[in-house]
2 protein chains.
Amino acid sequence: MSVGHTQVTASAEPVVSCGGEHEDCGIREVLDRIGDKWSVLVIVELAQGVRRFRQLQRAVPGISQRMLTLTVRRLERDGLVSRTVYPTVPPQVEYELTPTGHSLTHLVKALADWSAAHREGIAASRRAWDAAHPDAGIR
Amino acid sequence: MSVGHTQVTASAEPVVSCGGEHEDCGIREVLDRIGDKWSVLVIVELAQGVRRFRQLQRAVPGISQRMLTLTVRRLERDGLVSRTVYPTVPPQVEYELTPTGHSLTHLVKALADWSAAHREGIAASRRAWDAAHPDAGIR
DNA sequence: CAGCATCCCGGCCGATACTG
DNA sequence: CAGTATCGGCCGGGATGCTG
């Protein structure tokens, strides 16, 4: 953390101005789509390649089959994931990222990178804040 | 949308592999932090410069003062936003992005860009899916 | 102006049981 | 294996009212 003598003037260059408007950009739409508990994790796993239902569930620890179904269904509806059913017995279903879905992985990588870069500092900030505010309802 | 003859082999180059592990990267941590309903919007507004409480509330349409308080408190706790109180009367409080918070704006911009680029295609995919699945509990 | 306290509802998500 | 159906808890977040 080098937050000492940095002369970053945040207010100088507006990186995100929503195109000049103070409106909600499409940001909320993306977050409504991948901001839920499981979508990104499923996407990360599918970024590795084609996966079957059970494979996905094992790869994403803690997800219930219900949530996996819902998550993968929503991603399919949004055109981020393709679903292929092979009429075999027992049934076999394969999930794969579409080109659009694949383009999301770059975004996810950016998120992961940012997280890795600031995880420490944020954790420290939290500890400091919690120490300074013994009785806070925020946690 | 040019999703015609693209030969993007998603499974060829794993963009996000969490560093070789199939673990949860820090992605969920970022999303737990900015994936909520208001954080990004507040950040976007603060990216423009220093803002006071009321200013923020007016700039972010629809946010309640309760949620603005909680949001800004959490951001402060994580060290993304600084809070400066001027002991005047009436009280005056200024919020500003910290360097760490400012670094987030690049990420937010990436989100906005992706959203703008795929909004159309996703909406179309949804319409198609909904049409193909008249009675779906997913909506 | 800048908050905090309280009430309350909707939906996200987990657990469990059942089907083709 | 790959789902669907149902129930229920938790909590994010809106509405309202009160303080310094």
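Residues numbered from 1 in each chain as written. Chains lettered and ligands numbered in written order. Predicted model: local features only at pLDDT ≥ 70, side-chain atom pairs only at ≥ 80, totals over all residues. Heavy atoms only, no water.

Student: So what exactly am I meant to see when it comes to the sheet that holds strand β1 (residues 51–52) of chain B here?
Tutor: To summarise the sheet geometry, strands pair through backbone hydrogen bonds and adopt either a parallel or an antiparallel arrangement. Residues and elements named next belong to chain B. Here we have 3 strands laid out as an open sheet, ordered β1-β3-β2, and antiparallel in their pairing. Looking at which strands have only one partner, the edges of the open sheet turn out to be β1 and β2 (81–86). With 2 bridges connecting them, β1 and strand β3 (residues 92–97) associate as antiparallel partners. Residue pairing across strands places R51 opposite Y95, the latter belonging to β3. On top of the sheet, helix α2 (residues 39–46) reaches β1, β2 and β3; it is set at about 95° to β3, its chief contact. Helix-sheet contacts for helix α4 (residues 65–77) involve β2 and β3, and the interaxial angle to β2 is about 110°. (Pairing = 2+ DSSP bridges. Helix = DSSP H or I, 4+ residues; strand = E, 2+ residues; numbered from the N terminus. Contact = heavy atoms within 4.5 Å. Axes fitted to C-alpha atoms, helices over the stretch in contact; angles between N-to-C directions.)

Student: Can you help me understand the protein's contact with DNA strand C in this one?
Tutor: Around DNA strand C lies a shell of 20 residues, among which M67 of chain A together with R54, T69, R83 and Y95 of chain B are the nearest. In DNA strand C, atoms within 4 Å of the protein come 65% from sugar and phosphate. Interatomic distance of 3.1 Å between a backbone N/O atom of K37 of chain A and a phosphate oxygen of DNA strand C. Here Y95 of chain B contributes a side-chain N or O atom positioned 2.4 Å from a phosphate oxygen of DNA strand C. Ranked by the residues each element gives to the surface near DNA strand C, the list is headed by α4 of chain B, at 4 residues. Across the surface near DNA strand C, the residue classes break down as 8 nonpolar, 4 polar and 8 charged. (Near = heavy atom within 4 Å. Polar contact = N/O pair within 3.5 Å; in protein donor to acceptor, adjacent residues only side chain to side chain. Nonpolar A, V, L, I, M, F, W, Y, C, P; charged D, E, K, R; others polar.)

Student: Looking at this structure, how should I read the pairing of β2 of chain B?
Tutor: For a regular strand, side-chain orientation follows a simple rule: the groups alternate between the two sheet faces. Where β2 of chain B meets β3 of chain B, 6 bridges bridge the pair, whose relative direction is antiparallel. Bridge pairing in β3 of chain B places Y86 of chain B opposite Q92 of chain B.

Student: Explain the packing of helix α1 (residues 27–34) of chain A against α2 of chain B here, please?
Tutor: A pair of packed helices can be characterised by two numbers: the angle between their axes and the separation between those axes. Put simply, α1 of chain A and α2 of chain B touch, their axes get as near as 10 Å, and they point 150° apart. The orientation of α1 of chain A with respect to α2 of chain B, classified from their angle, is roughly antiparallel. Note on packing geometry: the crossing formed by α1 of chain A with α2 of chain B is right-handed. Where α1 of chain A abuts α2 of chain B, its residues I27, R28 and L31 of chain A lie against V40, L41 and V44 of chain B. Across the contact of α1 of chain A with α2 of chain B, the residue classes tally to 5 nonpolar, no polar and 1 charged. (Parallel < 35°, antiparallel > 145°, perpendicular 65-115°, else oblique. Left-handed = near helix turned anticlockwise from the far one by under 90°.)

Student: Is there a simple way to explain the UniProt feature "domain: HTH hxlR-type" (unreviewed entry) in chain A in this structure?
Tutor: With numbering matched to this structure, UniProt assigns "domain: HTH hxlR-type" (unreviewed entry) to residues 25–123 of chain A. As annotated, residues 25–123 of chain A has a helix share of 62% and a strand share of 14%, and its two end C-alpha atoms lie 29 Å apart. (UniProt positions renumbered as here; feature names shortened; annotations may be inferred.)

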